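Remarks on the overall topology
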Amino acid sequence: MYRYDEFDHAFVQERVAEFRDQVARRLSGELTEDQFKPLRLMNGVYLQLHAYMLRIAIPYGTLSSRQLRRLAHIGRVYDRDFGHFTTRQNLQFNWIRLEDVPKILEELAEVEMHAIQTSGNCIRNVTADHFAGAAADEVADPRPYAEILRQWSSLHPEFSFLPRKFKVAVTAAPHDRAAVQVHDIGLHLKMNEKGDRGFAVWVGGGQGRTPMVAKKVRDFLPEANLLAYCEAILRVYNLEGRRDNKYKARIKILVHEMGEAEITRAVEAEFATLQGKALTVSAPEVDRIARYFALPDLKALPAVSEAYEAAKRVDPALALFAKRNVHPHKVPGYGILTISLKPIGAPPGDATSDQMGAIADLAERYSADELRVSHEQNLVLPHVKLDDIPVVFAQLQKIGLGSANAGFVTDIIACPGLDFCSLANARSIPVAQRLSERFADIDRQVDIGDLKIKISGCINACGHHHVGHIGILGVDRKGEEFYQITLGGSGDETCSIGEIVGPGFSSDGIVDAVETVIETYLKLRASADEPFLATYRRLGQEPFKEALYVR
Amino acid sequence: MVKAAKPFRPVVATANDLRSGAVVYRDRDGKWSKHASLAEIANTQDAADRLLALARADHDANIVVEPVLIEVDGGKPATLRERIRDTGPTIVLPGPPV
Amino acid sequence: MSDDVFRDGAFHAETWSFPKDDEKLPPSGPVAVGKARFLIEIQALRSRNGEIGVVLTPGESLDGIVDHLDRITLVALRFTRYSDGRPYSIARILRDRYDYKGELRATGDVLRDQVKFLLRAGFDTLDVAHAGTREALRSGAVVAMTHHYQPASAETSEGRTSTAPWRRVSS
Ligand code: SF4
């Protein structure tokens, strides 16, 4: 993991002092709310439905046990004993007192954390593949680059007042778990024939009101040019992005309006003036940062664990857990273990302080002290010995987090919605809970197989509904909650935006409607091995539409 | 095109406390209370205008933020959003597992 | 515009004049005009006795200006809203790409919380109207970052660290 040195510590300490000063000026009345709002947002403080919300960055989703314990502690002392993991690898607390924020930031700084740029019109927390650094299929660990980007983008003197927010995601595996094609900049680390590292660069993806899949502007950007190229993209965006209409201010609209060729030309022209100068990413600097991310010292083990195999044979629950929640590790004898924060009927992505504490203990004991947070609102123990999986599973069951449902229909992504969010049109969490309960039967989940349901409470799409295999969007219809269904979205390397299937459903009708879609799929799939998305892509929306609307 | 004027519905003033962020309502004594039931209800347009002006003055005096008038029905916030603001999330909040 | 400007840690009397578009150019002394007028009256500006400056509003590019940079000693970039960050990019382009060495002034909605960003982006002079910000600048009460993760346009005034190529330390 990245560890702060003196410089990094000084940086966050100064930021805490700066924000403390800003809060004091607000409370004394020197700053008006209008003046303060952009300042608090740049440090992750929102005013939500019930109170101030604090959004804490978990850069590229990597967390240590100590950090998770600190988050648990903050939940206990300053909030209501639980936190909400978001779709952007952040953690939110919902009832934070403004007066307490400087103190909380200080507590975070002690464990090398912060809330810098978790909101506001700036470069947001850089996200990454949540299996990064452990995945068997990755070319290399993408996190050193994510860290380099994090540093470069932190309080950038030129890009702190952009037209709109700006999100960067990094992945290094052919299977894209970081949804890079729906980010403002998506970076796909790869190796060329000579063995040099570089990036496929995607620009202008995004969700929200106008969802768009990014355009690939470079197939192979050499590693050395990473920052200069990003700086060029940001500069073009800062100067040319629309500022007259907040709904048209994201870079995706600029890419769309300028056209792919023209934006590429503009970026390349800007890049030509920046290339080879101060921002060159040198190999020694990459190595220096990469050393922090070295694989922990994992003892060599046989690729197959007899104990694990035997335990799976006698315990079907463990066998299912192994199938769904354990992914291949790059080191033989280890697995990547997903802790589903989606127990049946629970609010997606929430964890109590006690659960966080218990998970931190597990990470410390069984996962080389490391954790990941996924954009799917789950937690990950990246380095678990296969031998240890049965005991970790048992421990998880004890704290109510042993659900073997990763990637299943009940592994639902949902934004906070109208229960918490001041921008919401409708509630998301109760819909997720009812769906989860409807499909609680594990055999039914197994039968349905891979299926991603994603729910947003308004068109801002924090619940990523556009890229849900089944997406659900809450809308307000004359004071009533209504839910629109989109089908066929996907955030992976086969990225597509879901298509609206027809008129929305009432709160009472939405769960039945989703069930109808799923039953239709079960009837129409070519075989039990054909997942929902494949069936949908093969048949299109007609049969689903018919099942939903023609009775 | 001029929209037909909406019939007036009784309103109260709500905001968030500057320091804590708590949801508050302006009561008859000009204090901000956490209880919607204590809120002063404006039953006429004039009373509503006056109430909003007072709430905004409290905003300018750095007591509350984002003051607005919301409709009430039988003394309770009328919309779902405002009912949730008043009584909290509609879900069972996560607690220690049973 | 105020009658003084902040530079190098102190307020200094304004020396430039900013005639309105329909006012005549003063016969001598430093004078700065908007971009449109600059482009039309460049010959008149060049032939009079006095330094030349130009004032750009957000959205105005450097097209047409850069050819005359050798004669320009003030570029004032106006912030209409402090959340509109375009002037930062213009400033950096002037400093880094065109090697502009003259005065680079931020004017308009300039608040203390922007000051470090502005200085790092290459501005050297601030025209500040906001009373609280003026007071904070005068009394040295601005709380700001001194550790930075990226090189910017204030290179000559910033220190480096031995550990990483992009780290900078300002005073
Ligand atoms: S999608 Fe809308 S309702 Fe949901 S969290 Fe985002 S802004 Fe709030």
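Here, every reference points to the structure presented above.
Residues numbered from 1 in each chain as written. Chains lettered and ligands numbered in written order. Predicted model: local features only at pLDDT ≥ 70, side-chain atom pairs only at ≥ 80, totals over all residues. Heavy atoms only, no water.

1. Section: the packing of aromatic side chains
Residue and element names in this part refer to chain A. This is how the line gets drawn: Stacked, tilted and edge-to-face are the three classes assigned to paired rings of Phe, Tyr and Trp, where Trp is represented by its six-membered ring and a pair needs centres within 6.5 Å; plane angles under 30 degrees give stacked, over 60 edge-to-face, the rest tilted. By definition, any uninterrupted DSSP run of H or I lasting at least four residues is a helix, any uninterrupted run of E lasting at least two residues is a strand, and each is numbered from the N terminus. Exposed residues in this analysis have more than 50% of their type's maximum accessible area, buried residues have under 20%, and partly exposed residues fall in between, with area computed by a 1.4 Å probe over protein chains only.
All chains considered together, the criterion is met by 24 aromatic pairs over all chains. Here F19 and F36 contribute two aromatic rings whose centre-to-centre distance is 6.3 Å and whose plane-to-plane angle is 25°, an arrangement assigned as stacked. Taken as a pair, F19 in helix α1 (residues 6-27) and F36 in helix α2 (residues 33-41) lie far apart in primary sequence, 17 residues in all. Classification of F19 as buried rests on a relative accessible area of 0%. Take F36: its relative accessible area is 0%, and that puts it in the buried class.

2. Here we look at the sheet that holds strand β2 (residues 23-26) of chain B
All names here are of chain B. For clarity, the cut-off: Two strands qualify as a pair provided DSSP detects at least 2 bridges between them. Contacts are assigned to residue pairs with any non-hydrogen atoms lying within 4.5 Å of each other. Angles here are taken between N-to-C directions and fall from 0 to 180 degrees, while the axes themselves are lines fitted to C-alpha atoms, restricted in helices to the stretch in contact.
Strand order in the open sheet made by the five strands is β3-β2-β1-β4-β5, with antiparallel pairing throughout. Two strands close off the open sheet at either side, each with one partner strand: β3 (32-33) and β5 (76-77). As defined by bridge partners, strand β1 (residues 11-17) adjoins β2 across three bridges and the pair is classed as antiparallel. Bridging from a neighbouring strand, A15 pairs with V24 of β2. Against the sheet, helix α1 (residues 45-60) touches β1, β2, β3 and β4 (64-73), its axis set at about 155° to β4.

3. Observations concerning the interface of chain A and chain C
Filter applied, for reference: As used here, buried area is the combined drop in accessible area, with a 1.4 Å probe, of two parts when they are placed together. Think of a salt bridge as a Lys or Arg side-chain nitrogen and an Asp or Glu carboxyl oxygen that are within 4 Å of each other. Polar contacts, as used here, are pairs of N or O atoms within 3.5 Å; protein pairs need one atom able to donate a hydrogen and one able to accept it. Residues neighboring in sequence count only if both atoms are side-chain atoms.
In this assembly, 46 residues from chain A lie in contact with 39 residues from chain C. It is F7, P157 and F161 of chain A that lose the most area in chain A upon contact with chain C, and together they represent 22% of the buried surface on that side. Note that R97 of chain C is salt-bridged to E270 of chain A, the shortest N-O span being 2.3 Å. Across the contact surface, chain A and chain C share 21 residue pairs in polar contact (both at pLDDT 80 or more). Secondary structure elements with two or more residues in the side of chain A that touches chain C: α1, α2, α5 (143-153), α6 (226-240), α8 (260-274) and α9 (283-292) of chain A. Of the residues forming the side of chain A that touches chain C, the biggest block, 11 residues, is contributed by α1 of chain A.

4. Describing the packing of α1 of chain A against helix α4 (residues 101-110) of chain A
All names here are of chain A. Note the cut-off: Any angle that is under 35 degrees is reported as roughly parallel, and any over 145 degrees as roughly antiparallel; angles of 65 to 115 degrees are reported as roughly perpendicular and all others as oblique. Side-chain classes follow a simple rule in which Ala, Val, Leu, Ile, Met, Phe, Trp, Tyr, Cys and Pro form the nonpolar group, Asp, Glu, Lys and Arg form the charged group, and the remainder, Gly included, forms the polar group.
Put simply, α1 and α4 touch, their axes get as near as 9 Å, and they point 175° apart. As judged from the angle between their axes, α1 and α4 are roughly antiparallel. Across the interface between the two elements, H9, V12, Q13, V16, F19, R20 and V23 from α1 touch V101, P102, K103, L105, E106 and A109 from α4. In terms of residue class, the contact of α1 with α4 is built from eight nonpolar, two polar and three charged.

5. Remarks on the sheet that holds strand β7 (residues 125-128) of chain C
All names here are of chain C. The seven strands are arranged β2-β1-β7-β6-β5-β4-β3 in an open sheet whose pairing can be described as mixed. The open sheet terminates on both sides in strands that have one partner only, identified here as β2 (10-13) and β3 (31-34). Averaged over all adjacent pairs, the angle separating strand axes in this sheet is 30°, with direction ignored. Relative to strand β6 (residues 103-108), strand β5 (residues 72-79) runs parallel, the two sharing six bridges. When the sheet's bridge partners are listed, L74 is paired in β6 with E103. Along the sheet, helix α3 (residues 86-97) contacts β4 (52-56), β5 and β6; its crossing angle with β5, the most-contacted strand, is approximately 160°.

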